[in-house]
Amino acid sequence: PATPGRAGTPRSGSTRGEEIRTARARRYLMCRPEHFTVAYEINPWMDSSRAVDTDLALAQWEHLRRTYLDLGHVVDLVDPLPGLPDMVFAANGALVIDGHALGVRFRHAERAAEAGAYAAWLRAQGIEVTDAVALNEGEGDFLLAGDWLLAGSGFRSDPASHAEAQELFGVPVVSLVLVDPRFYHLDTALAVLDDRTVAWWPPAFSPGSRRVVERLFPDAIEATEEDALAFGLNAVSDGRHVVVAAAARHLVAELSSRGYVPVPVDLSELLRGGGGAKCCTLELRDAVAAA
Ligand code: ARG
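Residues numbered from 1 in each chain as written. Predicted model: local features only at pLDDT ≥ 70, side-chain atom pairs only at ≥ 80, totals over all residues. Heavy atoms only, no water.

A look at the overall build of the chain
Piece 1. The number of helices and strands found in the chain is seven helices and 15 strands.
Piece 2. With respect to the principal axes defined by its C-alpha atoms, the chain has extents near 50 × 40 × 40 Å.
Piece 3. By residue count, 58% of the 291 residues in the chain fall in the buried class.
Piece 4. In the chain, the share of contacts with a sequence separation of at least 24, taken over all contacts with a separation of at least 6, comes to 71%.
Piece 5. Of the roughly 11,800 Å² of accessible surface on the chain, a fraction of 51% belongs to carbon and sulfur atoms.
Piece 6. In the chain, which carries 27 positive and 40 negative side-chain charges, the distance between the mean positions of the two groups comes to 4 Å. (Helix = DSSP H or I, 4+ residues; strand = E, 2+ residues; numbered from the N terminus. Buried < 20%, exposed > 50% of the residue type's maximum accessible area, 1.4 Å probe, protein only. Contact = heavy atoms within 4.5 Å. Areas by Shrake-Rupley, 256 points an atom, 1.4 Å probe, with all protein chains shown as cover. Lys, Arg positive; Asp, Glu negative; His and termini not counted. Charge placed at Lys NZ, Arg CZ, Asp CG, Glu CD.)

Right, dumping it as structure tokens:
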């Protein structure tokens, strides 16, 4: 595929896919990885004995931000705080639907202070934030897919947070259980491509949860283990363009054949913290864009 069209002005659909995929402009929140490093280990990807190249992380992150802007999206920035090396993973900062946010509560003490930093930023934008009661790590474990809010548990978010989100947003929650510690957040094992389609790696889910995904998303794209290990499922879709790890080669090809426009990115240095494109991105849904 050539240069992707901007999100606000969808071009005609792919000739290879049967469907015309339509982009919708989004508003994202990101956090510069100025203080990014691997100082502790809270997921199997993190190895604090190996030095992190923060400049490389910054360059890869900047490319991701540029990619969103080139696609016609709005990107807001929250100031990174020293001592919070994982704050770059903005997806974990909240869940925002209809201009209202559910705040987060992290499982690990090392990230606890990020919750207040994200809530303060959202409130300063005039976005109402409801404080979380149960542990939940925001869009790491909550993914809105059309009429359903997919909600992960097993490693980080408490299943009680699923009911909390359903009560707050009035969106039916579909609880999914994660079983592979390498894919500790829902957004590492499943990507929402549009209201009716997801991409996922089924073995990351419990048998019952697999059947639920199959039932709700008969057109789901199956990634390979290699795709999943490259964090290909930690992807960000605007309905047409899918910002996805370049190393997830099978998934990238599959997306093209299904009429999406893959926009490959390389976030290898952020993967040292156990994150990819989606982890670095929080969607601000129906929140009025900052001037
Ligand atoms: N080091 C971070 C953690 O383990 C990575 C978070 C990745 N974020 C995500 N949305 N999957 O909490």
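From this point, the discussion proceeds with the structure in view.
Considerations on the pairing of strand 13 (residues 241–245)
Piece 1. In terms of burial, strand 13 is a largely internal element, five of the five residues being buried.
Piece 2. One ladder, built from two bridges, connects strand 12 (residues 236–237) with strand 13; its direction is antiparallel. Note on strand 13: the bridge partner recorded for Ser-237 is Val-242.
Piece 3. In this structure, the hairpin formed by strand 12 and strand 13 is closed by a connection of three residues, where Gly-239 is found at a positive phi of approximately 105°. (Pairing = 2+ DSSP bridges.)

Re the pattern of salt bridges
Piece 1. Applying the stated criterion across every chain, the model contains 15 salt bridges.
Piece 2. Across the pair Glu-283 and Arg-285 runs a salt bridge, and its minimum N-O distance is 3.8 Å. A single burial state applies to Glu-283 and to Arg-285, both of which are buried.
Piece 3. Look at the salt bridges and you will find they share partners, linking Arg-26, Glu-139, Lys-278, Glu-283 and Arg-285 into a network. (Salt bridge = Lys/Arg side-chain N within 4 Å of Asp/Glu carboxyl O.)

Quick notes on the site of the ligand
Piece 1. Taken together, 17 residues are adjacent to the ligand, and Asn-43, Arg-111, Asp-187, Gly-273 and Cys-279 come closest.
Piece 2. One of the side-chain nitrogen or oxygen atoms of Asp-86 is found 2.9 Å away from a nitrogen atom of the ligand.
Piece 3. Residue Asp-187 places a side-chain N or O atom 2.7 Å away from a nitrogen atom belonging to the ligand.
Piece 4. In the complex, 100% of the free accessible area of the ligand, which totals 340 Å², lies under the protein chains. (Near = heavy atom within 4 Å. Polar contact = N/O pair within 3.5 Å; in protein donor to acceptor, adjacent residues only side chain to side chain.)

Notes on the sheet that holds strand 9 (residues 190–194)
Piece 1. Strands sit in the order 9-10-11 across an open sheet of three strands; the sheet is mixed. Of all the strands in the sheet, the pair left with one neighbour each is strand 9 and strand 11 (221–222).
Piece 2. As defined by bridge partners, strand 9 adjoins strand 10 (residues 197–200) across four bridges and the pair is classed as antiparallel. Bridging from a neighbouring strand, Ala-191 pairs with Ala-199 of strand 10.

Looking at the nonpolar core
Piece 1. With 34 residues, the main nonpolar core has Leu-150, Leu-186, Leu-190, Phe-205, Leu-251 and Leu-255 as its most contacted residues.
Piece 2. Of all the secondary-structure elements, those providing two or more residues to this core are strand 6 (142–145), strand 8 (173–177), strand 9, strand 10, strand 13 and helix 6 (249–257).
Piece 3. Examining the composition of this core, we find that four residues originate from one element, strand 9, more than from any other.
Piece 4. Those residues in contact with Phe-205, other than ones at most four positions away along the chain, are Leu-176, Val-177, Leu-178, Val-179, Leu-186, Ala-189, Leu-190, Trp-200 and Arg-210. (Core = buried A, V, L, I, M, F, W, Y, C linked by side-chain atoms within 4.5 Å.)

Things to note about the sheet that holds strand 2 (residues 74–77)
Piece 1. Ordered by their spatial adjacency, three strands build an open sheet running 2-1-15, and the pairing between neighbours is mixed. Lying at the two open borders of the sheet, with one neighbouring strand each, are strand 2 and strand 15 (282–283).
Piece 2. Where strand 1 (residues 27–30) lies against strand 2, four bridges are found, and the strand directions are parallel. Bridged to Arg-27 within strand 2 is Val-74.

Topic: the environment of Ala-25
Piece 1. Relative to the assigned elements, Ala-25 resides in the segment before strand 1.
Piece 2. Through-space distance from the C-alpha of Ala-25 to that of Pro-202 is 29 Å; in sequence the pair is 177 residues apart.

A short note on the environment of Gln-166
Piece 1. Within the element layout of this structure, Gln-166 appears in helix 3 (residues 160–169).
Piece 2. As for Gln-166 and Ala-57, which are separated by 109 residues in sequence, their C-alpha atoms are 35 Å apart.
Piece 3. Once residues within four sequence positions are removed from consideration, Gln-166 is found in contact with Val-171, Pro-172 and Val-173.

What about the side chain of Ser-209?
Piece 1. Assignment of secondary structure puts Ser-209 in helix 4 (residues 207–216).
Piece 2. Within the structure, Ser-209 has its side chain in polar contact with the backbone nitrogen of Val-177 (distance 2.9 Å).

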